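Per-entry structural report
Chain by chain, the residues run as shown.
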Amino acid sequence: MMRAALGALLAGGLATSCLSVNWTRSTLHRPVQDGVLEDYVVDESTMADALDGLGAPLYVWELSRGASALAWGWYGSRDLGVQVSVPTRSPVDPSFQYSQIDRRLRGYVFVFDADDRLRYMRKGYLADIADELRRRPVFEVAGAEERLREREDADAADPGDAR
Amino acid sequence: MKNLNAPRLGAACLVACLALLPSCFVSRETTNVPLDPEVVSQLRPGETTAREVAELLGAPSEVVQLGFRSAWRYDHVRAKRAGFTLIVVTLLDTDARQDRVWVFFDEDDLLLNVGSTFDAGDAEYQMPWMDRNYPEDDAPETYDGSREPDADDAPMEDAAS
């Protein structure tokens, strides 16, 4: 009897050090409303419209040619799991850094030109969108495509000038 | 017999409560001082200068250069955490919210735009199964924190058109 009790005590002690059942929830910032993209129109909406509707952005950064990108986002997770390990740190990190975009955050990125006119918007993970904007400033590509179309239209209208 | 068991049962409940009490915990983290909406409402685009903004709100947490223009950020973060641990079971909830103000200036340091959000005061101590007190319009989509994109994450070309 005494041996069984000691065994149970030992097993219990070992279990608490390496086995854990965690139910955690973590949220960072208030969620951004769904369907935000429908409220704004590229080439028409302004930065003031976006700030009025969405409030202060989480991030603002500079793009080329005086353009700027503004990002709104949030993070939420709910996990239930069994963990076999020795816990060495908190499972949830509530901290928030401005030095680089938090890769957990989802939301919206709006790009405004030098006149604060909305040129581009997208929903998704903020860090991914920021990376893509750095690699490929889409609003400039869109402008280039527009100029290309205008040139093609001009060439079609006057084939004699076509190069 | 019942009269004899009642005090024992009460004592057992008291002992159980005292034993469980140390396993509950709450904590709060704050960053920067709270922002005052009334002060922010005094900012007038087209009229207020950068110097006046600095006098009203103090030094910003961040300054971003946007070509010849600039944007300043002010923020206050409040994170509330509540948890409960019983032997091998841990319940943990963290709610972090923020007051933010971004002010945008032109090349002459005149205020162009202001964006403000005041949510830090809404952070709550809760358990994971409890509903957050978001406004109905802000009810979050359910997602598990994984980094798989949603089906409605529009590709760049589509979103730009």
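These remarks concern the structure in this document. Values in this document were obtained by computation on a predicted structure and should not be read as measured data. (Residues numbered from 1 in each chain as written. Chains lettered and ligands numbered in written order. Predicted model: local features only at pLDDT ≥ 70, side-chain atom pairs only at ≥ 80, totals over all residues. Heavy atoms only, no water.)

**Considering the pairing of strand 1 (residues 19-28) of chain A**
All names here are of chain A. Most of strand 1 is tucked away, with seven of its 10 residues classed as buried. Sheet topology places strand 1 next to strand 3 (residues 68-84); 10 bridges connect them, and they run antiparallel. For Ser20, the partnering residue across the bridge sits in strand 3 and is Gln83. (Buried < 20%, exposed > 50% of the residue type's maximum accessible area, 1.4 Å probe, protein only. Helix = DSSP H or I, 4+ residues; strand = E, 2+ residues; numbered from the N terminus. Pairing = 2+ DSSP bridges.)

**Re a nonpolar patch on the surface**
There is a patch of nonpolar side chains on the surface, built from Leu19, Val82 and Val84 of chain A and spanning about 290 Å² of accessible area. Along the chain, Val82 of chain A falls in strand 3. (Patch = residues over 30% accessible without salt bridge, like charges linked within 9 Å, V, L, I, M, F, W, Y side chains within 5 Å. Areas by Shrake-Rupley, 256 points an atom, 1.4 Å probe, with all protein chains shown as cover. Salt bridge = Lys/Arg side-chain N within 4 Å of Asp/Glu carboxyl O.)

**Concerning unusual backbone geometry**
All names here are of chain A. Here His29, not a glycine, exhibits a phi torsion of approximately 75°, which is positive. Counting through the fold element by element, His29 comes out in the loop between strand 1 and helix 2 (47-54). Judged by relative accessible area, which is 4%, His29 ranks as buried. The residue Asp43 is not glycine, and still its phi comes out positive at about 75°. On the secondary structure map, Asp43 appears in the loop between strand 1 and helix 2.

**Focus: the environment of Val60 of chain A**
Topologically, Val60 of chain A is positioned in strand 2 (residues 59-62). When the C-alpha atoms of Val60 of chain A and Leu37 of chain A are compared, they prove to be 18 Å apart, with 23 residues separating the residues in sequence.

**Considering helix 3 (residues 50-57) of chain B**
All names here are of chain B. Those residues of helix 3 that fall on the buried side of the exposure criterion are Ala50, Val53 and Leu57. For helix 3, the arc enclosing every buried residue in end-on projection is 55°, short of the 170-degree limit, so these residues lie on one face. Residues of helix 3 that are exposed and angled more than 90 degrees away from the buried face: Arg51 and Glu55. Gly58 sits one or two residues past helix 3 and shows a positive phi near 85°. (Arc of directions from axis to C-beta.)

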